[in-house]
Amino acid sequence: MARVTDHSLPSIGSERDVGLRFTQRDFDTFAQLSGDTNPIHVDPEFAATTRFGGTVAHGMLLFAAANAAINRWIGGRLNLHEQQLMFPAPTFADEDVSLRLTIQPDQDATRRRVDFMMTASSGDTCRGRALVGFDELRTGRSAPDTVPTEAVALKGLRIGMQAERTRVLSANDIRTFAELTRDPHPGYGDSSPIVPPALLGGAISDLLGVSLPGPGSNWLKQTYRFHRHVLAGDEVRSSVAITRLRPAKN
């Protein structure tokens, strides 16, 4: 059943430009919220020795910023059904970033696809597509894509290695997130607030950046599908497993 709302979805082809700027303090705050303390985000001395030459934004912080911009534009209790992201280049602290949002059609008339691109002085740093609507999330389980591996072991990693972590996000964590990202979604202010999608993604980013593969690794692309809301106080178990190794891609 479609949710009754006072808001409407933007017309196809509508565009919006948003200016963004992230600080090291933003990186540090998001690291505390997500648990992703990968030193490429929070340790300027370490990051200076990497190919980046300085700390870079969490991919999930960019996810959060894009989603917040969509929520500010469309308003209401908008649901995020699916999120795709690619990170062709890093986003650094204290640089001006331009975000462009474009509304595209979806085969479901109750939803819209929002294409977005983040651009800094170095070029495009993040691009993706969000599937949004006022209809309810649909329960289910997504089967992972099956792709052949190109190696059994690589740099101490092996097919089948796994890592997992359990955590609980509080209402205060969600308020801090909403303030950090300027996200007005009303669900974040409920008496039992919903956990923002980017913080669910942050639980995976935490594992990738801290546990497996671990510090120094960076995330190139992602696809998420959201089947139901998680509430503050819910115990969430996140897990990652190595299913493919690609020596040519390092």
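This part covers the packing of helix H1 (residues 24-34) against helix H5 (residues 171-181). Where H1 contacts H5, the two axes come as close as 10 Å, and the packing angle between them is 155°. The angle between the axes of H1 and H5 places the two elements in the roughly antiparallel class. When you trace H1 past H5, the crossing you get is left-handed. On the side of H1, the interface is formed by Asp26, Thr29, Phe30 and Leu33, while H5 contributes Asp173, Thr176, Phe177 and Leu180.

Among the residues of H5, those classed as buried are Asp173, Ile174, Phe177, Ala178 and Thr181. With its buried residues spanning 135° around the axis, H5 presents them on a single face. Structurally, H5 contributes buried residues whose contacts are with H1, helix H4 (59-74), strand S8 (162-168) and helix H6 (197-211). The first or second residue beyond H5 is Arg182, which carries a positive phi of 55°.

Looking now at the pattern of salt bridges. Summed over all chains, the structure comprises 15 salt bridges. The partner of Arg100 in a salt bridge is Asp17, and the shortest N-O contact between them spans 2.7 Å. Residue Arg100 is located in strand S3 (residues 96-104), and its partner Asp17 is located in strand S1 (residues 15-21); the two are separated by 83 residues in the primary sequence. With relative accessibility at 38%, the residue Arg100 sits in the partly exposed group. The exposure class assigned to Asp17 is partly exposed, which follows from its relative accessible area of 49%. Notably, a salt bridge pairs Glu150 with Arg246, separated by 3.7 Å at the nearest N-O pair. Here Glu150, found in the loop between strand S5 (123-133) and strand S6 (153-154), pairs with Arg246, found in the segment after strand S10 (235-241); they are 96 residues apart in sequence, far enough to count as distant. Through salt bridges with shared partners, a single network forms among Asp108, Arg111, Asp135 and Arg138.

Attention now moves to the pairing of S3. Note that S1 and S3 share seven bridges and pair antiparallel. Bridging across to S3, Gly19 finds its partner in Ser98. In the sheet, S3 pairs with strand S4 (residues 111-120) via seven bridges, with the strands oriented antiparallel. Its bridge partner lying in S4, Arg100 is registered against Met117. Between the end of S3 and the start of S4, which pair antiparallel, lie six residues.

All right, on to the sheet that holds S4 then. Strands sit in the order S1-S3-S4-S5-S2-S9 across an open sheet of six strands; the sheet is antiparallel. Either end of the sheet is taken by a strand with one partner, and the two such strands are S1 and strand S9 (221-225). Neighbour-to-neighbour, the strand axes of this sheet turn through a mean angle of 20°, independent of strand direction.

Attention shifts here to empty space enclosed by the protein. Scanning the model with the defined rule gives one cavity of 30 Å³ or more in all. For the largest cavity, the calculated volume is near 160 Å³. Along the wall of the largest cavity there are 17 residues; nearest its centre are Asn79, Leu80, Ile194, Pro197 and His229. Every element with two or more residues in the lining of the largest cavity is listed here: H4, strand S2 (79-86) and H6.

Our focus in this paragraph is the side chain of His58. Turning to its location among the elements, His58 is positioned in the loop between helix H3 (44-48) and H4. Only 3.0 Å separates the side chain of His58 from the backbone oxygen of Asp36, close enough to count as a polar contact. Not counting chain neighbours up to four residues away, the residues in contact with His58 comprise Phe27, Phe30, Ala31, Ser34, Asp36 and His41.

Conventions we followed
Residues numbered from 1 in each chain as written. Predicted model: local features only at pLDDT ≥ 70, side-chain atom pairs only at ≥ 80, totals over all residues. Heavy atoms only, no water. Axes fitted to C-alpha atoms, helices over the stretch in contact; angles between N-to-C directions. Helix = DSSP H or I, 4+ residues; strand = E, 2+ residues; numbered from the N terminus. Parallel < 35°, antiparallel > 145°, perpendicular 65-115°, else oblique. Left-handed = near helix turned anticlockwise from the far one by under 90°. Contact = heavy atoms within 4.5 Å. Buried < 20%, exposed > 50% of the residue type's maximum accessible area, 1.4 Å probe, protein only. Arc of directions from axis to C-beta. Salt bridge = Lys/Arg side-chain N within 4 Å of Asp/Glu carboxyl O. Pairing = 2+ DSSP bridges. 1 Å grid on protein atoms, 1.4 Å probe; cavity = no way out; pocket = protein on both sides within 12 Å on 5 of 7 lines; lining within 4 Å. Points joined across faces, edges and corners; volume = space filled by probe spheres on them. Polar contact = N/O pair within 3.5 Å; in protein donor to acceptor, adjacent residues only side chain to side chain.

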